[in-house]
Structures are given as C-alpha cells and as structure tokens.
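The lines below spell out each chain.
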Amino acid sequence: MQGFDTPAPSPAEGGTDGFLDLPARSGKPRTHGLTHVIDKGLNLRDIEGLFDTAGEYVDVVKLGWGTSYVTRNLEKKIALYRSFGTPVVCGGTLFEAVIARDKVDEYRRWLADNRFSHVEISDGAIELPRERKLELIASFADDFVVLSEVGSKDAEVVYAPYQWVEWMQEELAAGAWKVITESRETGTAGIFRPTGEMRTGLIDEIAHEIDVADIIFEAPTKASQAWFVRRFGPNVNLGNIPPEEVIPLETLRLGLRADTLKEVLLSGDPAATLAD
C-alpha cells in the first residue's frame, strides 16, 4: 500500500491560508519537538487516516508493549509507516520479554528481518543489571537507532532524582539517541504519581542536568502535555501520545489552545519560542 500524496502546507508551515502568521515548526525528520505516538493495534486504514490528517506531526510510532509480536500482516504495517517516512519501534515490554526468555540474538534477527530501524531498550518490569543494560544499548546502537527508557512501571517504586539523572546520562553515553522517561500509557508511574499527579520537582531536576532535546517525556494526558509545553516550550519531545491526540497536541505546541495560548502566542516573541 502506498502513502498519500504530500499534502499542501498547513497554516503552521506557512501555507497560503496562514492568516495568523504562526511561526513555522521544523519539518520531518525532526531532531526535537518530537511527537512519539503509541499504536495499540491500529489497522491499515486507521494508519492511512492518521497520516491523511496528522502525518506531518507524527515523528516516531511505537507498537505498544508486545503488540507487534501478535499483529497479523506486521510487514504491511511497517511498510505503510515507512511509506510515510516515519520510523517504527517495538514497545519496551517486548524487549523485556526477550531478555526474560534469553532470546536477544533471535530478537535482533527478527528486527532486521522486519526492517525495523529503531529499537527500545527498557527495564521497567524486570531486573536488569545496569552494566548489562548499558552493554545492550551499545551493542544494539551498532545496527539500530536506540531509544532507552528509564523508570519503573511499578507505581510504588520511586527513584531519587540523582538516580534518574545518572542512569539517563549513562544510557545516552552508551549510545541511546533519546532517553524516555517512564509514565506508562495511563500516566500513573515513573514521572507521575499513582494518582496521576506529575512529579514536577523530579522533572525539573532531570532537566537541570540533561539537555531536554535528548529526552522524550511520556505525556499521555492533555494536562501533562500542556504542562510540558508551558515549562519547556513547543519543541519539547513528548511520547505515548494516542493517535487521536496528535492534532490536539500540535495545537498546544502552536498556542492554538487556551492551555498554552498565553505562553506560546502572547509571550512576546513566539517565533523565537518555536524556532529550532
């Protein structure tokens, strides 16, 4: 199946109907301002619909958890995403199942056979020694673009900020392209409290030590997305975004929603705010 023809520029990209004179966001492929979307089982028509209306805003697609392993016609899904110039990565839970089953070599071959360009390496649900995780990041980085994830999927596990910073720095140094901060798709673990409240102090301490451009913050809720845009600007990398929230997130980035209008459009210099 082939992707749609390239659409006319949107107002945000300087199209002819851009009467608001919004500053342009950079086009794909972006290095920051990433929207990392979770696919929990989209069919081919769903994917075509997503890219027909919002494809210019989708930077990376994660096939959630282990869904890729049980999806029929997986090769067609990957080919369709590739036709839209969008990389696909399997969820970290599949990687953790691979580790638990001691099937790393088999997984690498499976990824290569299915022409995955990216891989996620995480340890949110299993015990994985730090040195082993760093070795795996370095090894996979020889053949794939690595996204590593820090944080536990267990809502009761709380790490000190210095541990988050140290681990994220180590994983970037080992070869990760971006490091993802765990939140689960529910926003109830990792950088979130079990109640759904964000650990804003933790996030600020992480951002004080690590370049925000190197981080993908999982932000599955509108409230968290708006907070990140207000705190770090429209070019913050956000992950675990449901497909139906891609366009709403872009309006947050552009100040076209009340939650961020003042910070983005009325800040005095929105062009500087949105520039790469």
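A brief structural summary. Keep in mind it's a predicted model, so treat the numbers as computed, not measured. (Residues numbered from 1 in each chain as written. Predicted model: local features only at pLDDT ≥ 70, side-chain atom pairs only at ≥ 80, totals over all residues. Heavy atoms only, no water.)

### Focus on the nonpolar core
- Membership of the largest hydrophobic core comes to 64 residues, with the highest contact counts inside it found for Tyr107, Phe140, Phe217 and Phe228.
- Core analysis: the second largest hydrophobic core is formed by six residues, Leu34, Val60, Val89 and Ile216 among them. (Core = buried A, V, L, I, M, F, W, Y, C linked by side-chain atoms within 4.5 Å. Buried < 20%, exposed > 50% of the residue type's maximum accessible area, 1.4 Å probe, protein only.)

### Thoughts on a nonpolar patch on the surface
- Taken together, Phe19, Leu20 and Leu256 make up a surface patch of nonpolar side chains, about 350 Å² in accessible area.
- Inspection of the secondary structure puts Leu20 in the segment before β1 (35–39). (Patch = residues over 30% accessible without salt bridge, like charges linked within 9 Å, V, L, I, M, F, W, Y side chains within 5 Å. Areas by Shrake-Rupley, 256 points an atom, 1.4 Å probe, with all protein chains shown as cover. Salt bridge = Lys/Arg side-chain N within 4 Å of Asp/Glu carboxyl O. Helix = DSSP H or I, 4+ residues; strand = E, 2+ residues; numbered from the N terminus.)

### Re the sheet that holds strand β4 (residues 118–121)
- The eight strands are arranged β3-β2-β1-β8-β7-β6-β5-β4 in an open sheet whose pairing can be described as parallel. Of all the strands in the sheet, the pair left with one neighbour each is β3 (88–90) and β4. For this sheet, the mean angle separating the axes of adjacent strands, direction not counted, is 25 degrees.
- Packing against the sheet, helix α3 (residues 74–83) makes contact with β1, β2 (60–63) and β3, and its axis sits at approximately 165 degrees to β2. (Pairing = 2+ DSSP bridges. Axes fitted to C-alpha atoms, helices over the stretch in contact; angles between N-to-C directions. Contact = heavy atoms within 4.5 Å.)

### Description of the pattern of salt bridges
- One pass over the structure, following the stated rule, counts 17 salt bridges.
- As a salt-bridge pair, Asp143 and Arg108 come within 2.5 Å of each other at their nearest N and O atoms. With Asp143 in the loop between α6 (130–140) and β5 (145–150) and Arg108 in helix α5 (residues 104–113), this residue pair connects regions lying 35 residues apart in the sequence.
- Judged by relative accessible area, which is 17%, Arg108 ranks as buried.
- The salt bridge involving Glu250 is made with Arg253; its shortest N-O contact spans 4.0 Å. Residue Glu250 and its partner Arg253 are located together in helix α10 (residues 246–254), separated by three residues, close to a single helical turn.
- Residue classification places Glu250 among the buried residues on the basis of a relative accessible area of 4%.
- Since its relative accessible area comes to 0%, Arg253 is described here as buried.
- Here the residues in one salt-bridge network are Asp123, Arg130, Lys133, Glu170 and Glu171, joined through shared partners.

### Observations regarding the packing of aromatic side chains
- Within this structure, the stated rule accounts for 14 aromatic pairs.
- Between Phe140 and Phe144, the aromatic rings sit 6.0 Å apart at their centres with planes inclined by 40 degrees, giving tilted as the arrangement. This pair shows no difference in class: Phe140 is buried, exactly as Phe144 is.
- Consider the rings of Trp227 and Phe232, whose centres lie 6.1 Å apart with planes at 85 degrees: the pair is edge-to-face.
- Ring pairing ties together the aromatic residues Tyr69, Phe95, Tyr107, Trp110, Phe116, Phe140 and Phe144, which thus form one cluster.
- One cation-aromatic arrangement involves Arg108 over Phe140; the distance from NZ or CZ to the ring centre is 4.5 Å. (Phe/Tyr/Trp six-rings, centres within 6.5 Å; stacked < 30°, edge-to-face > 60°. Lys NZ or Arg CZ within 6 Å of the ring centre and 35° of its normal.)

### Considerations on unusual backbone geometry
- The peptide bond linking Lys28 to Pro29 adopts the cis configuration, its omega dihedral lying at -5 degrees.
- Residue position: Pro29 is located in the segment before β1.
- In this structure, Asp102 takes a positive phi of about 55 degrees despite not being glycine.
- Along the chain, Asp102 falls in the loop between α4 (92–101) and α5.
- Judged by its relative accessible area of 64%, Asp102 falls in the exposed class.
- The phi dihedral of Asn240 falls on the positive side, at around 60 degrees, and the residue is not glycine.

### Some words on the pairing of β1
- The buried fraction of β1 is high, at five of five residues.
- The alternating pattern of β1 places Thr35, Val37 and Asp39 on one face and His36 and Ile38 on the opposite face, and all of these are buried.
- Of the strand pairs in this sheet, β1 and strand β8 (residues 238–241) are connected by two bridges, and their pairing is parallel. Note that in β8 the partner of Val37 across the bridge is Ile241.

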